[in-house]
Amino acid sequence: METLLIIVIALLAIAALTQAVRIFEISSQIKNSDSDVKVDDRDNNTQGWLMLLFIIFFFGAFAWQIAAYMDLTLPQSASEHGSDIDSLWDISMAVIVVAFLVTQPLLFGFAFRFRGNKNRKATYMEHNNKLELFWTGIPAVILAGLILYGLTTWSNVMNPVNEEEPMVIELYAKQFGWQARYAGSDNQLGYANVRLIEGVNTLGVDPGDKASANDVISNELRLPKGRAVLLKFRSQDVIHSAYLPHFRVQMNCVPGTQTQFQFTPSMTTTEMRQDPEVVEKVKRINGLRAERGEDPWEFDYVLLCNKICGSAHYNMQMKVVVEEQEDFDKWMKEQQTFAEML
Amino acid sequence: MEAHAHHKETFITKYVFSTDHKMIAKQFLITGMIMGIVGVAMSLLFRLQLAWPDKQWPILEALLGKWGTDGIMDPNIYLALVTIHGTIMVFFVLTAGLSGTFSNLLIPLQIGARDMASGFINMLSYWFFFASSVIMLISLFVESGPASAGWTIYPPLSALPQAIPGSGAGMTLWLVSMSLFIVSSLLGALNYIVTILNLRTKGMSMTRLPLTIWAFFVTAILGVLSFPVLFSAALLLIFDRSFGTSFYLSDIMVAGELLQNQGGSPILFQHLFWFLGHPEVYIILLPALGISSEVISTNARKPIFGYRAMVGSIMAIAFLSFIVWGHHMFVTGMNPFLGSVFTFTTLLIAIPSAVKAFNYITTLWKGNLQMTPGMMFSIGLVSTFITGGLTGLILGDSALDINVHDTYFVVGHFHIVMGLSAIFGLFAGVYHWFPKLFGRRMNKNLGFIHFWVTFIAAYGVFFPMHFLGMAGLPRRYYTNTAFPMFDDLADINVLISYFAIIGGIAQLVFLYNFFYSALRGKKAEQNPWRSNTLEWTTPVEHIHGNWPGEIPAVHRWPYDYSKPGAEEDFVPQIVPMSDDEMAGGH
């Protein structure tokens, strides 16, 4: 039904356009002049006003989008470095919004204010070095600040300082799923390579490496809250990208090499579920799901693939759980080690 | 037309294997438009999928055959559509269609030359482009489907047919097509550089060049320096795919098969690709900025504000564009120190960009704006250049890029700053130089309708994408329904798709206006926009050699609009300086 409706609308639009075109043609024949090609003051006036209307409409739509969907900040973060990134985000966004709100009205405002009129002559001005210096200098100063702030944040995120040794976990990617391998009690991952993949040993872990015996392989990623985690990424086939938006973490998984990212989760799944922003989002989404007759959804952290990797790229995900240390320890005790698995 | 011709021309030498830059420009434009129709149509197909993933569309089955069984789009063909859409729009429409058309048309006409330095090489450039376009279109019909690894064709995905069907014959044709395309670009660019440096008419010093020519000149240099690197990247990929080398492949098990490749690095490809890929953004954007400078100055009846600053900022942007490619690779595991360097250089680009934006705005100030469709699109370009450029401050900042990398935030950003700006530049150029291309005029009212619907629809499509990206929605997802956390974004996707359909339909107005006017439009006068530049001193009817007699000499810069003391509000470049002017400088 909706298909039909859209086809009808499209046909009507095309018909309306053809009619409009014919009206233009006929009217220009009647006038028998070049009024349909030559822009005159009436056009300048109409189009100038439209420019003014546009900027009002544009800003109105901008405000409506912010109100309807979300403000210009990122969703609540759940990692320690996440809040640093978010402050940088907010300041950058403030600069962007100010620049946007200043320049666009100038552009469209001038287009309206100086719309052509044959009784007026434009003012001849070629250049003004002071002005040029002014608008080279202002962005330069603002950017210097943004660059310094950005680089400091980047360096803090990439080189975190921790008192304790971070817990090492390998995230293993292949078309189209994720697996986690915990380094176990020695906190050392056993050597692994795709060439060693055999039978149940789907990650190609070397059974001869002593460090691999107590590794734990899991189909979900569980993390203790407040404990630094060093994620090491490996891929079996093509490039994938481990994207953990709630933790402000993203790193590509590249076949033939290993990449890493260290962070500290700061909110458990349970805590996040009680965050007002999340509560509201879940309510909104479950309203929509109820309309469609789908099961209600409960918030969970999630790991997504964010580098095009093939036909099921859109569904390459893994559940992530952050819990208190004791719950994590309890869960870990129940897991089979690599040695037991073999 | 024939009466003026210097020597006898057959149909073949005039319309097919022409060495006349004006005809070659038209060939580039028409081919680019055909490719543009294909590219935009593809985007409408995948917008259907994104907005209504559960719906069955009979049209999909009709168009896609086995890839659209029962009107449901196959995930592989979705990826193929986004891949080919990107490739076509970036290279075939906005590089060849934009730069190829206007560099060819305007370089000889605006610098006062009879033709390009080598008409023959120019002809070759077009025919390589033509062959490349044909092969790209043929690749849509191979059994395993067209290339589907994204327009950036990152290996190993693009190297392994086992990983995705599109990496079979489709990818081979893609690589062949792009190799021919690179040859075409290089032949064209070398010709542009040589022509601009050597064939300027008497009095046309570099500082008297219109900004269009400056933009084409710098663009050509960018192309010559960066396209060969893409060529080498493509060559190594061909070797990996067909001859068993391991430049990009190492330790891979795909579809249960262990590959013997060892020691290669997929990241090497990304460095090579983006060494072209980032300058490519400016290869697309600079000609559009050049066109809009010319169109805005002419129609504001005012000199472009800060000519030297405009030239300087073009050069600064071009230079910086070579040392920022790493900002596409912040999350590849690249050394964080390199990330810092690329953040620094990337954010610097905002300075010359801001200079350009402010100079455009100041050019409008106290002008006498003639709202031609070309002018409207140029103003639209400045708007999208600012809006899209600003979000670059987020993406260029490595720390912020972590969370929005490869999300819809990026899609919104680059479509606005480079897609829309460049396409608006292309439209501005077509409306402005249509009288020069076809000797006829386009209908202004259809132009206005085309502008407003396109402009609003374009913002309607790409502006909301930033919100999707901030919510963490990755790009290149066949559907967002696998993640309940994105359920509340579904209505934004519907809104975007409606705008896309409206914007697509608006292009029919343009196509109608274009072809109708080219064949039956009102005859143009010699200088319809009362412009200063040299192309408007040539006869309306095209002749070989451009000027019937001597090539006119140039006595002034191109932007003497509304000059005090002058009778008219424009003083063409061929008018000698008066004594007063000599005394006053310039």
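Residues numbered from 1 in each chain as written. Chains lettered and ligands numbered in written order. Predicted model: local features only at pLDDT ≥ 70, side-chain atom pairs only at ≥ 80, totals over all residues.

Engineer: Mind laying out the overall build of chain A, listing which residues take part and the relevant values?
Structural biologist: Helices and strands together make up the secondary structure of chain A, namely eight helices and ten strands. Since a compact globule built from 342 residues should have a radius of gyration of about 20 Å, the 29 Å found for chain A marks it as more spread out than a globular shape. Dimensions of chain A, computed from C-alpha atoms along their principal axes, come out at roughly 90 × 60 × 40 Å. Contacts in chain A between residues far apart in sequence, at least 24 positions, make up 67% of those at least 6 positions apart. (Helix = DSSP H or I, 4+ residues; strand = E, 2+ residues; numbered from the N terminus. Rg over C-alpha atoms; globule rule 2.2 N^0.38 Å. Contact = placed C-beta atoms within 7 Å.)

Engineer: Summarise the overall build of chain B; cite the residues concerned and give the values.
Structural biologist: When its secondary structure is counted, chain B shows 18 helices and two strands. Relative to the compact-globule value of 25 Å for 586 residues, chain B shows a C-alpha radius of gyration of 24 Å, a close match. With respect to the three principal axes, the spread of C-alpha positions in chain B is 80 × 50 × 45 Å. Counting the 586 residues in chain B, one finds 65% classified as buried. (Buried ≥ 20, exposed ≤ 12 C-beta atoms within 10 Å, placed from the backbone.)

Engineer: Lay out the domain arrangement of chain A in plain terms, naming residues and giving numbers.
Structural biologist: All names here are of chain A. When its domains are assigned, chain A resolves into domain 1 (38-117 + 129-159) and domain 2 (167-341). On a C-alpha basis, the centroid separation for the pair domain 1 and domain 2 is 37 Å. Tallying the contact residues gives nine residues for domain 1 and 15 residues for domain 2. For the side of domain 1 that touches domain 2, the class distribution of residues is three nonpolar, five polar and one charged. (Domains from an automatic or database assignment. Nonpolar A, V, L, I, M, F, W, Y, C, P; charged D, E, K, R; others polar.)

Engineer: Pulling in residues and values, what's your account of the interface of chain B and chain A?
Structural biologist: If you look at the interface, chain B gives 111 residues, while chain A gives 105 residues. Of the residues forming the side of chain B that touches chain A, the biggest block, ten residues, is contributed by helix 12 (residues 373-395) of chain B. Along the lines of polarity and charge, the residues of the side of chain B that touches chain A split into 68 nonpolar, 27 polar and 16 charged.

Engineer: So, unusual backbone geometry: which residues are in play, and what are the values?
Structural biologist: Following Gln175(A), the chain continues to Phe176(A) via a peptide bond in cis, the omega torsion being -5 degrees. One can find Phe176(A) in the loop between strand 1 (167-174) and strand 2 (177-182). Across the junction of Pro155(B) and Pro156(B), the peptide omega takes the value 5 degrees, indicating a cis bond. Unusually for a residue other than glycine, Ala255(B) sits at a positive phi of about 50 degrees. Position of Ala255(B) relative to the elements: it lies in the loop between strand 1 (253-254) and strand 2 (257-258). A residue is classified by how many C-beta atoms lie within 10 Å of it, and Ala255(B), with 11 of them, is exposed.

Engineer: Explain the sheet that holds strand 9 (residues 301-305) of chain A to me, and be specific about the residues and the numbers.
Structural biologist: All names here are of chain A. Taking strand neighbours across the sheet as the criterion, the five strands line up as 4-10-9-6-7 in an open arrangement whose pairing is mixed. Two strands lie at the open edges of the sheet, namely strand 4 (221-224) and strand 7 (249-253), each paired on one side alone. The mean angle between the axes of side-by-side strands here comes to 20 degrees, regardless of whether they run parallel or antiparallel. Pairing analysis gives four bridges linking strand 9 to strand 10 (residues 317-323), with the strands arranged antiparallel. Residue pairing in the sheet places Leu-303 in a bridge with Met-318 of strand 10. (Pairing = 2+ DSSP bridges. Axes fitted to C-alpha atoms, helices over the stretch in contact; angles between N-to-C directions.)

Engineer: Could you give me a rundown of the nonpolar core, with the residues and numbers involved?
Structural biologist: Counting residues in each nonpolar core, the largest one holds 277 residues, and the members touching the most others are Leu171(A) and Leu157(B). If we skip the residues at most four places from it in the chain, Leu171(A) touches Trp178(A), Ala180(A), Leu231(A), Phe233(A), Ala242(A) and Cys253(A). (Core = buried A, V, L, I, M, F, W, Y, C linked by C-beta atoms within 7 Å.)

Engineer: Explain the sheet that holds strand 5 (residues 229-235) of chain A to me, using residue names and the numbers behind them.
Structural biologist: The strands making up a sheet associate through hydrogen bonds between their backbones, and the pairing can be parallel or antiparallel. Residue and element names in this part refer to chain A. If you trace the five strands from one edge of the open sheet to the other, you get 3-2-1-5-8, paired in mixed fashion. Looking along the sheet, the strands with just one partner apiece sit at the ends: strand 3 (216-218) and strand 8 (259-263). Neighbour-to-neighbour, the strand axes of the sheet open up by a mean angle of 25 degrees, direction not taken into account. Where strand 1 and strand 2 come together, six bridges link them in antiparallel fashion. Residue Leu-171 lies in a different strand from strand 2, and its bridge partner there is Ala-180.

Engineer: Tell me what's going on with the environment of Ser139(B), and back it up with residues and numbers.
Structural biologist: Residue and element names in this part refer to chain B. Tracing the sequence through the fold places Ser-139 in the loop between helix 5 (119-138) and helix 6 (169-198). We classify Ser-139 as buried; it has 24 C-beta atoms within 10 Å. Residues Ser-139 and Gly-170, 31 residues apart in the sequence, show an inter-C-alpha distance of 5.2 Å. Apart from the residues lying within four places of it in its own chain, the contact partners of Ser-139 are Pro-146, Ala-147, Gly-170, Leu-173, Trp-174 and Ser-177.

Engineer: Talk me through helix 2 (residues 41-68) of chain A; I want residue IDs and the actual numbers.
Structural biologist: Given 3.6 residues to a turn, an α-helix orients residues that are three or four positions apart in the same direction. With 28 residues, helix 2 of chain A extends 40 Å between its outermost C-alpha atoms, agreeing within 8% with the 40 Å of an ideal straight helix rising 1.5 Å per residue. Those residues of helix 2 of chain A that sit buried are Asp43(A), Asn44(A), Gln47(A), Gly48(A), Met51(A) and Phe54(A). Looking at the buried residues of helix 2 of chain A, the elements they touch are helix 3 (80-113) of chain A together with helix 12 and helix 15 (444-462) of chain B. (Expected span 1.5 Å × (residues − 1).)

Engineer: Give a detailed account of helix 15 of chain B, specifying residues and quantitative values.
Structural biologist: Along its 19 residues, helix 15 of chain B runs 27 Å from first to last C-alpha, staying within 8% of the 27 Å computed at 1.5 Å per residue. Of all 19 residues in helix 15 of chain B, 15 are buried; the element is thus mostly enclosed.

Engineer: Describe the packing of helix 9 (residues 307-321) of chain B against helix 11 (residues 350-364) of chain B, and please don't skip the residues or the numbers.
Structural biologist: Residue and element names in this part refer to chain B. Their axes nearest at 9 Å, the elements helix 9 and helix 11 cross at an angle of 150 degrees. Classified by the interaxial angle, the pair formed by helix 9 and helix 11 is roughly antiparallel. For the element pair helix 9 and helix 11, the recorded crossing hand is left-handed. From helix 9, Ala-309, Met-310, Ser-313, Ala-316 and Ile-317 reach across to helix 11, where they touch Pro-352, Ser-353, Val-355, Lys-356 and Asn-359. Considering only residue class, the contact of helix 9 with helix 11 consists of six nonpolar, three polar and one charged. (Parallel < 35°, antiparallel > 145°, perpendicular 65-115°, else oblique. Left-handed = near helix turned anticlockwise from the far one by under 90°.)

Engineer: Describe in detail the environment of Ile416(B), supporting the description with residues and values.
Structural biologist: Residues and elements named next belong to chain B. Looking at the secondary structure, you find Ile-416 in helix 14 (residues 408-438). For Ile-416, a count of 26 C-beta atoms within 10 Å translates into the label buried. When the C-alpha positions of Ile-416 and Thr-387 are compared, they lie 7.2 Å apart, and in sequence the two are 29 residues distant.

Engineer: Give me the lowdown on the pairing of strand 10 of chain A, citing residues and values where you can.
Structural biologist: Residues and elements named next belong to chain A. Along strand 10, the buried face is formed by Met-318, Val-320 and Val-322; none of Gln-317, Lys-319, Val-321 and Glu-323, which line the opposite face, is buried. Here four bridges tie strand 4 to strand 10, and the two strands are oriented parallel to one another. By the bridge assignment, Pro-224 is partnered in strand 10 with Glu-323.

Engineer: Pulling in residues and values, what's your account of the confidence of the model for chain B?
Structural biologist: All names here are of chain B. Overall, the predicted model of chain B reaches an average pLDDT of 93, with 98% of residues at or above 70. Within the model, pLDDT remains below 50 along residues 1-5, and this stretch shows seven contacts once partners closer than five positions in the same chain are excluded. Overall fold confidence (pTM) sits at 0.94, and the ipTM for the predicted complex is 0.93. (pLDDT = per-residue confidence, 0-100.)

Engineer: Give me the lowdown on the packing of helix 3 of chain A against helix 12 of chain B, citing residues and values where you can.
Structural biologist: Direction vectors running N to C along helix 3 of chain A and helix 12 of chain B enclose 175 degrees, while the axes themselves pass 9 Å from each other. Taken together, the axes of helix 3 of chain A and helix 12 of chain B are roughly antiparallel relative to one another. In this structure, helix 3 of chain A uses Ser92(A), Val95(A), Ile96(A), Ala99(A), Phe100(A), Thr103(A), Gln104(A), Leu107(A) and Ala111(A) to contact helix 12 of chain B, whose residues at the interface are Ile379(B), Val382(B), Ser383(B), Ile386(B), Thr387(B), Leu390(B), Thr391(B), Leu393(B) and Ile394(B). Considering only residue class, the contact of helix 3 of chain A with helix 12 of chain B consists of twelve nonpolar, six polar and no charged.

Engineer: How would you sum up the environment of Val97(A)? Please name residues and give values.
Structural biologist: All names here are of chain A. Assignment of secondary structure puts Val-97 in helix 3. By C-beta crowding, Val-97 is classed as partly exposed, having 14 other C-beta atoms within 10 Å. Sequence spacing of Val-97 and Leu-72 is 25 residues, and the spatial spacing of their C-alpha atoms is 9.3 Å.

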